[in-house]
Amino acid sequence: MPELPEVECWGRRKAEKHCVGREVVSVHAPVDPILFKDASGQSSAAKFKRAMNGRTIDACHRRGKQMWWTMRDSEVHPLWHFGMTGAFHVYATNAERPKFLKVELTLDDGTRFGYSDPRRFGRIRLRCDPLNEPPLSDLGPDPILEPPSAAWFVERFAKRKTPLKALLLNQQFLAGVGNWIADEVCFQSKIDPHRPANELTAAEAKRVRTKLLHILNKACDWEADYEHFPNSWLFHHRWGKNESATTHDGKEIAFSVVGGRTTAWVPAVQV
């Protein structure tokens, strides 16, 4: 599932590069009662087409895993959520259209900008004031755009009995942290993901913050290209719930469920 680094690098930056300053000259958006959600909660590909066609894209923004575009001289703006399999594509002809295409914008320079979503867990909504309307208004701070202070982490951890991993996944607590990031933060912080947040020491809470910001910033620096992630990261060894999985230096990886999500952790390291 795309998390903060993927949405930033493969979503917002790609849209900014190819779409900002461009006028949408045509919109291909077949009816899809699941994908499209307008401001009133009703599904409407037609409303999306009317909101986009003939408009110029002024800016592309992101908060957590959510992304939205500012449309010039428009009362509504598109809000994109990739779900599990959503992705943007840039191409020039019908023959290059990706499979499972849900939206295609043709821009005034001839570029075709498409959105595909095989599993249809993504959502495209229209919002009049995106930052001050759900779902954006319900999100916690974005660790890249507005990283909370060490004191913020210490204070808020002290008030929460929630397991650390579950709290990191809570989008109202922090926006954009998903499953692999939460596991990586706990691993690099050397903290058991099952531990209640309010049982962490101040030093541990600060260490969580340091590792979280490091992981997210490095992932974005590397354009969310996993091949650049160091082999020492849990990321490369955590997939598939393999009972024989080990870290780069041979330590056993265990699997459990925390906050409703499969969790990979290393008992020999995380206490």
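Residues numbered from 1 in each chain as written. Predicted model: local features only at pLDDT ≥ 70, side-chain atom pairs only at ≥ 80, totals over all residues. Heavy atoms only, no water.

Draft legend 1. Seen up close, the overall build of the protein. Looking only at helices and strands, the protein features 6 helices and 11 strands. The C-alpha radius of gyration of the protein comes to 20 Å, within 12% of the 18 Å expected for a compact globule of 271 residues. By its C-alpha atoms, the protein is 55 × 40 × 30 Å across when sized along the principal axes. Counting all 271 residues of the protein, 50% fall into the buried class. Contacts in the protein between residues far apart in sequence, at least 24 positions, make up 63% of those at least 6 positions apart. Put simply, the protein shows about 12,300 Å² of open surface, and 49% of that area lies on carbon and sulfur atoms. Mean positive and mean negative side-chain charge positions of the protein (39 and 33 charges, respectively) differ by 3 Å. (Helix = DSSP H or I, 4+ residues; strand = E, 2+ residues; numbered from the N terminus. Rg over C-alpha atoms; globule rule 2.2 N^0.38 Å. Buried < 20%, exposed > 50% of the residue type's maximum accessible area, 1.4 Å probe, protein only. Contact = heavy atoms within 4.5 Å. Areas by Shrake-Rupley, 256 points an atom, 1.4 Å probe, with all protein chains shown as cover. Lys, Arg positive; Asp, Glu negative; His and termini not counted. Charge placed at Lys NZ, Arg CZ, Asp CG, Glu CD.)

Draft legend 2. Representation of the packing of helix 5 (residues 179–189) against helix 6 (residues 202–221) within the structure. The geometry of helix 5 relative to helix 6 is characterised by a closest axis approach of 9 Å and an angle of 130 degrees between their N-to-C directions. With respect to their mutual orientation, helix 5 and helix 6 come out oblique. For the pair helix 5 and helix 6, the crossing hand works out as right-handed. Packed against helix 5, whose contacting residues are Trp-180, Ile-181, Glu-184, Val-185, Gln-188 and Ser-189, the element helix 6 presents Arg-207, Val-208, Lys-211, Leu-212, His-214, Ile-215, Leu-216 and Ala-219 at the interface. Its residues assigned to classes, the contact of helix 5 with helix 6 shows 8 nonpolar, 3 polar and 3 charged. (Axes fitted to C-alpha atoms, helices over the stretch in contact; angles between N-to-C directions. Parallel < 35°, antiparallel > 145°, perpendicular 65-115°, else oblique. Left-handed = near helix turned anticlockwise from the far one by under 90°. Nonpolar A, V, L, I, M, F, W, Y, C, P; charged D, E, K, R; others polar.)

Draft legend 3. Structural detail: a nonpolar patch on the surface. Taken together, the side chains of Met-1, Met-84 and Phe-121 define a hydrophobic patch exposed on the protein surface, amounting to about 270 Å² of accessible area. Tracing the backbone through its elements, the reader meets Phe-121 in the loop between strand 8 (112–116) and strand 9 (123–127). (Patch = residues over 30% accessible without salt bridge, like charges linked within 9 Å, V, L, I, M, F, W, Y side chains within 5 Å. Salt bridge = Lys/Arg side-chain N within 4 Å of Asp/Glu carboxyl O.)

Draft legend 4. Quick look at the pattern of salt bridges. Scanning all chains against the criterion turns up 19 salt bridges. Taking the shortest distance from any N to any O, the salt bridge between Asp-109 and Arg-22 comes out at 3.4 Å. Residue Asp-109 is located in the loop between strand 7 (101–107) and strand 8, and its partner Arg-22 is located in the loop between helix 1 (4–19) and strand 1 (24–28); the two are separated by 87 residues in the primary sequence. With a relative accessible area of 32%, Arg-22 lands in the partly exposed category. Here Arg-238 makes a salt bridge to Asp-183, at a shortest N to O gap of 2.6 Å.

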